[in-house]
Amino acid sequence: MPAERPRQGVLRQAWRIAWKDLKVELRSREIVYTMAFFGAVIVVVYSFAFPSSSALVRLGAPGLLWVSTMFAGTIGLGRAFDRERENDTLRALMLTPVPRLAIFLGKGIAITFLVGAVALVVTPLMALLMDVPFFDHPGELALALLLGAVGFSAIGTVFAATLLKVRSRDVLLPVIIYPILIPLFAFGTEATAALLKVPADLDNAWYWIGLLGAYDAAFLVLSMWIFESLVIE
Amino acid sequence: MAVPRSATDWMVPVFGLLGAIGLVVCIWLIFTWVPNDAVLFFNQRIFYFHVGHAFNLFIAVGVCGVSSLLFLWRRTPRWDDLALAAAEVAVAYGAVVLVTGSVWAKAAWDHWWVWENRLMMSLLLWLVLVAYVLVRRYAGASADRLAAGLAVFGTVGLPFIYTMVNKGDQHPQAGTNGNVATLTGPMQIVFWLSVATFFCWFLALIASRVASTRGERELRELREQGLDAGLLT
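Residues numbered from 1 in each chain as written. Chains lettered and ligands numbered in written order. Predicted model: local features only at pLDDT ≥ 70, side-chain atom pairs only at ≥ 80, totals over all residues. Heavy atoms only, no water.

Novice: I would appreciate a short explanation of the overall build of chain A in the present structure.
Specialist: Helix and strand counts for chain A stand at 8 helices and 0 strands. Written out in order from the N terminus, the α and β elements of chain A read α-α-α-α-α-α-α-α. Relative to the compact-globule value of 17 Å for 233 residues, chain A shows a C-alpha radius of gyration of 18 Å, a close match. Evaluated residue by residue, chain A yields a buried proportion of 52% over its 233 residues. Contacts in chain A between residues at least 24 apart in sequence constitute 82% of all its contacts with a sequence separation of at least 6. Surface accessibility of chain A: about 10800 Å² in total, with carbon and sulfur atoms responsible for 67%. Across chain A, the centroid of the 19 positively charged side chains sits 10 Å from that of the 18 negatively charged ones. (Helix = DSSP H or I, 4+ residues; strand = E, 2+ residues; numbered from the N terminus. Rg over C-alpha atoms; globule rule 2.2 N^0.38 Å. Buried < 20%, exposed > 50% of the residue type's maximum accessible area, 1.4 Å probe, protein only. Contact = heavy atoms within 4.5 Å. Areas by Shrake-Rupley, 256 points an atom, 1.4 Å probe, with all protein chains shown as cover. Lys, Arg positive; Asp, Glu negative; His and termini not counted. Charge placed at Lys NZ, Arg CZ, Asp CG, Glu CD.)

Following this line, the structure appears as structure tokens:
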């Protein structure tokens, strides 16, 4: 382990790692394109699978938005770590003289960007195809989705990194993270539902957004603390 | 402290026997001695099994969470054995809680399942436990770390699950005017007797499971020694 470094150092190292991941992604755009396309296809499937009466859509749309973002996010998560596995680069990353915390934060930041990108595609598409008024309160909705992406990435990064060498990782990743993520999903859905009400129930929305923040804080601290003991190799 | 080898040897027969006697006595008392509930009448009698298992379910979850944490911290395999045993017992107890609860709900509310605070929490808890057991079985070499991480994350998630569906408690209550603490007379005696009975089963099951895991490990180590010494092929 390296000697003690100032806090700023960890954040800068984390950003370097995140930027490395994002640069790789920007060159091939493999994950963003496939994730976004997958998200879009789910939305199209939904728009056929569910009745398109606007009253019903208002009730169901929040859940659909979060489900499609989470499904697409899981695909991106698995793929982002597959890339590290294929060339055994996670081991190289672990051997670099930076604290594990920086590696965790770096991977987490990169995945947050990917999930955010999916939400950016899925939300307008749902608004368009299913006629959902998502953009009446864009700030609150964006904040809720951002907090959702942060929580998803924190938990997802810990377990995707631990599962890296496991043969059945593709099926075990959702098996492990979905039960843990259900509260996050429920808070996000409730917040979105409160925003879609006529008139929008902002008090309620902020209550659920606050819970999202509390959930993120608890699991970020836990993930930062546990990452080192889980990801040994 | 995990039970030492000699302790598991006597725990299984002693607590197994106590549990068997308790089970017979409990069933007899439940159907002959305890009066009908003032509101729910006859169907309230399932309560002694339902809540008796639920109490022990939460004990098992606590044991699993704490010993997983200690395993990640200390890396002693005995903590891991205890966590695995507690998780498997918790899955079994959780299944009993959900099934007896469902039967009781059909009798009391005329629904098999209602999306209500405590039901939701128990179900999500049970999903995390099932995921834990799946990971143990299929994750190969890193199963112990992954499962310990899942147990710790699941435990931290519990308070969030609890706040998630806080929409007023309509769970059937044991007495006419309150919770377990307000039970009186025969109801109180039989209730605590059934909790103690299922706790004896819990101890017997955990002890036998820990002993079998330990036996497996010892066998594996002996086999490796034999292979090293050239005695086995």
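Novice: Before we go on, may I ask you to explain helix α5 (residues 100–129) of chain A in this structure?
Specialist: The α-helix advances 3.6 residues per turn, and as a result positions three or four apart in sequence lie on the same side. Given a rise of 1.5 Å per residue, 30 residues ought to cover 44 Å, and the 43 Å separating the end C-alpha atoms of α5(A) matches this to within 8%. Count one or two residues on from α5(A) and you reach Asp131(A), which has phi positive near 60 degrees. (Expected span 1.5 Å × (residues − 1).)

Novice: What's the story with a nonpolar patch on the surface in this structure? I'm lost.
Specialist: On the surface, Trp15(A), Trp19(A), Leu26(A) and Phe113(A) cluster together to form a nonpolar patch covering roughly 430 Å² of accessible area. No other element matches helix α1 (residues 7–28) of chain A, which puts 3 residues into the nonpolar patch. (Patch = residues over 30% accessible without salt bridge, like charges linked within 9 Å, V, L, I, M, F, W, Y side chains within 5 Å. Salt bridge = Lys/Arg side-chain N within 4 Å of Asp/Glu carboxyl O.)

Novice: I would appreciate a short explanation of the packing of helix α6 (residues 138–162) of chain A against helix α8 (residues 202–230) of chain A in the present structure.
Specialist: Angle between the axes and distance between the axes: these two values describe a pair of packed helices. Residues and elements named next belong to chain A. Interaxial distance between α6 and α8 falls to 9 Å at its minimum, and their mutual angle equals 20 degrees. With respect to each other, α6 and α8 are oriented roughly parallel. Two packed elements cross with a definite hand, and for α6 against α8 that hand is left-handed. Per-class residue counts for the contact of α6 with α8 are 18 nonpolar, 5 polar and 2 charged. (Axes fitted to C-alpha atoms, helices over the stretch in contact; angles between N-to-C directions. Parallel < 35°, antiparallel > 145°, perpendicular 65-115°, else oblique. Left-handed = near helix turned anticlockwise from the far one by under 90°. Nonpolar A, V, L, I, M, F, W, Y, C, P; charged D, E, K, R; others polar.)

Novice: What's the story with the environment of Ala154(A) in this structure? I'm lost.
Specialist: By secondary structure assignment, the location of Ala154(A) is in helix α6. Between the C-alpha atom of Ala154(A) and that of Thr96(A), which follows or precedes it by 58 residues, the distance is 21 Å.

Novice: Explain the interface of chain A and chain B to me, please; I cannot follow it from the model alone.
Specialist: Many structure descriptions define interface size as the accessible area lost when the parts assemble. Contact residues are listed per partner, giving 31 residues for chain A and 25 residues for chain B. Taken together, both faces of the contact between chain A and chain B bury some 2300 Å²; the carbon and sulfur share is 83%. Among the residues chain A hides against chain B, the three largest losses belong to Pro179(A), Leu222(A) and Leu230(A). Together they make up 17% of the total. Seen at the junction of chain A and chain B, the total is 0 salt bridges. At the junction of chain A and chain B, the tally comes to 3 residue pairs in polar contact (both at pLDDT 80 or more). Elements represented by at least two residues in the side of chain A that touches chain B include exactly α6, α7 (169–196) and α8 of chain A. For the side of chain A that touches chain B, the element with the most residues is α8(A), which contributes 12 residues. Class assignment of the residues belonging to the side of chain A that touches chain B gives a composition of 26 nonpolar, 4 polar and 1 charged. (Buried area = accessible area lost by both parts, 1.4 Å probe. Polar contact = N/O pair within 3.5 Å; in protein donor to acceptor, adjacent residues only side chain to side chain.)

Novice: Sorry if this is basic, but what is going on with the packing of aromatic side chains here?
Specialist: For any pair of aromatic rings, the description consists of the separation of the ring centres together with the inter-plane angle of the planes. Taken as a whole and assessed by the stated rule, the structure comprises 23 aromatic pairs over all chains. One aromatic cluster is present, formed by Phe159(A), Phe187(A), Tyr207(A), Trp208(A), Tyr215(A), Phe219(A), Phe153(B) and Phe160(B) through successive ring pairs. Above the ring of Trp73(B), the side-chain terminus of Arg74(B) is found at 4.3 Å from the ring centroid. Sitting over the face of the ring of Phe71(B), Arg75(B) holds its NZ or CZ atom 5.7 Å from the ring centroid. (Phe/Tyr/Trp six-rings, centres within 6.5 Å; stacked < 30°, edge-to-face > 60°. Lys NZ or Arg CZ within 6 Å of the ring centre and 35° of its normal.)

Novice: Help me understand the confidence of the model for chain B, please; the structure alone is not making it clear to me.
Specialist: If pLDDT is low for a region, its predicted coordinates should not be looked at in detail. All names here are of chain B. This prediction gives chain B a mean pLDDT of 81; 86% of its residues lie at or above 70. Contacts from residues 174–178, a stretch scored under 50 in pLDDT, to residues over four places away or in other chains number 11 contacts. Across the predicted assembly, pTM comes out at 0.82 and ipTM at 0.81. (pLDDT = per-residue confidence, 0-100.)

Novice: Mind showing me how you'd approach the environment of Pro13(B) here?
Specialist: Residues and elements named next belong to chain B. Structurally, Pro13 can be placed in helix α1 (residues 5–32). Classification of Pro13 by relative accessible area gives partly exposed; the value is 48%. For the pair Pro13 and Leu203, spaced 190 residues apart in sequence, the C-alpha to C-alpha distance is 10 Å.

Novice: Please clarify how the packing of α5(A) against α6(A) should be interpreted in this entry.
Specialist: Residue and element names in this part refer to chain A. Between α5 and α6, whose axes approach to 8 Å, the crossing angle comes to 135 degrees. If you check the angle between α5 and α6, you find them oblique. The hand of the α5/α6 crossing is right-handed. Of the residues in α6, those in contact with Phe104, Lys107, Gly108, Ile111, Thr112, Val115, Gly116, Ala119 and Thr123 of α5 are Leu141, Leu145, Ala149, Val150, Phe152, Ser153, Ala154, Thr157 and Val158. For the contact of α5 with α6, the residue count by class is 11 nonpolar, 6 polar and 1 charged.

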